[in-house]
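Coordinate inspection notes
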Amino acid sequence: MSGTIDPIADMLIRVVNAQKASHETVYIPASKVKESIAKILFENGFIRGYKIEKDNKQNGIIVELKYVNREGVIKGVKRISKPGRRVYKSYTEIPRVLNGLGIAIISTSKGLMSDRNAKKNKVGGEVLCYVW
């Protein structure tokens, strides 16, 4: 493992670890991609909400975690496309995650979107991760 850090994997791991520790919220250093991922997780019911915290150096994202019966909603995440190995799929090849129970987050020419939206808009792209 080289010294490069994968910011998307870092975000996903932070969310999963915070949920395992039963935290209400988790702080993530902000970027446009991470804001988009937070938005997709919110739209698909994986988190309660998120807000962008303005800072004079680097903005952050406060992600509000979601629980059902004290169980974290996110059961698992898997990083598909990595900095060393990018994975691209056309919209017809985008896989279903756990028979539709999970989502794939796709980076398309029209921005980040869930697998369902990518198929609906007939756009493929880089498969960033699966969340279930």
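One can find the structure itself at the top, above this paragraph.
Note that the structure is predicted; figures quoted are calculated from it, not measured. (Residues numbered from 1 in each chain as written. Predicted model: local features only at pLDDT ≥ 70, side-chain atom pairs only at ≥ 80, totals over all residues. Heavy atoms only, no water.)

All right, on to the overall build of the protein chain then. Secondary structure summary: the protein chain contains three helices and ten strands in total. In the protein chain, the succession of α and β elements from N to C terminus is α-β-α-β-β-β-β-β-β-β-β-α-β. Taking 14 Å as the expected radius of gyration for a compact globule of 132 residues, we find that the protein chain reaches 15 Å, a close match to that expectation. Seen through its C-alpha atoms, the protein chain measures out along the principal axes to roughly 40 × 35 × 30 Å. (Helix = DSSP H or I, 4+ residues; strand = E, 2+ residues; numbered from the N terminus. Rg over C-alpha atoms; globule rule 2.2 N^0.38 Å.)

Right, let's talk about the nonpolar core for a bit. Counting 26 residues, the largest nonpolar core has Ile105 and Val131 as its most contacted members. Taken together, the elements giving at least two residues each to this core come down to helix H1 (7–20), strand S1 (25–29), helix H2 (32–43), strand S3 (60–65), strand S8 (103–108) and strand S10 (125–131). Considering every element that reaches this core, the biggest residue donor is H1, with six residues. If near-sequence neighbours (up to four positions away) are discounted, isoleucine 105 is found in contact with Ile37, Ile40, Leu41, Leu112, Met113, Glu126, Val127, Leu128, Cys129 and Val131. The next biggest cluster of nonpolar side chains, apart from the first, holds eleven residues, and it includes Ile80, Ile106, Ala118 and Tyr130. (Core = buried A, V, L, I, M, F, W, Y, C linked by side-chain atoms within 4.5 Å. Buried < 20%, exposed > 50% of the residue type's maximum accessible area, 1.4 Å probe, protein only. Contact = heavy atoms within 4.5 Å.)

So, about unusual backbone geometry. A positive phi angle, close to 50°, is found at asparagine 69, a residue other than glycine. Within the secondary structure layout, asparagine 69 lies in the loop between strand S4 (67–68) and strand S5 (71–72). Judged by relative accessible area, which is 73%, asparagine 69 ranks as exposed. The phi torsion at lysine 122 lies on the positive side, around 55°, for a residue other than glycine. The topology assignment puts lysine 122 in the loop between helix H3 (115–120) and S10. Exposure remark for lysine 122: the relative accessible area of 54% places this residue in the exposed category.

With that settled, consider the side chain of serine 114. As for its placement among the helices and strands, serine 114 is situated in strand S9 (residues 111–114). Residues within four places of serine 114 in sequence aside, it is in contact with Ile40, Asn44, Ala104 and Ile106.

This brings us to the packing of aromatic side chains. What the rule picks out here adds up to one aromatic pair. Summarising the aromatic geometry, the rings of phenylalanine 42 and tyrosine 50 are spaced 6.3 Å apart at their centres and angled 70° between planes, so their arrangement reads as edge-to-face. Take phenylalanine 42: its relative accessible area is 40%, and that puts it in the partly exposed class. Tyrosine 50 gets classed as partly exposed once you look at its relative accessible area, which sits at 28%. (Phe/Tyr/Trp six-rings, centres within 6.5 Å; stacked < 30°, edge-to-face > 60°.)

Right, let's get into the sheet that holds S3. The three strands lie next to each other as S1-S3-S2, forming an open sheet whose pairing is antiparallel. Since the sheet does not close on itself, it has two edges, and those belong to S1 and strand S2 (47–53), each with one partner. On average, each strand axis in the sheet is tilted by 20° relative to the strand beside it, whichever way the strands run. Strand contacts of H2: S1, S2 and S3, with the helix running at about 155° to S2, the strand carrying the most contacts. (Pairing = 2+ DSSP bridges. Axes fitted to C-alpha atoms, helices over the stretch in contact; angles between N-to-C directions.)

Such coordinate-based values are descriptive only and should not be taken to indicate function.
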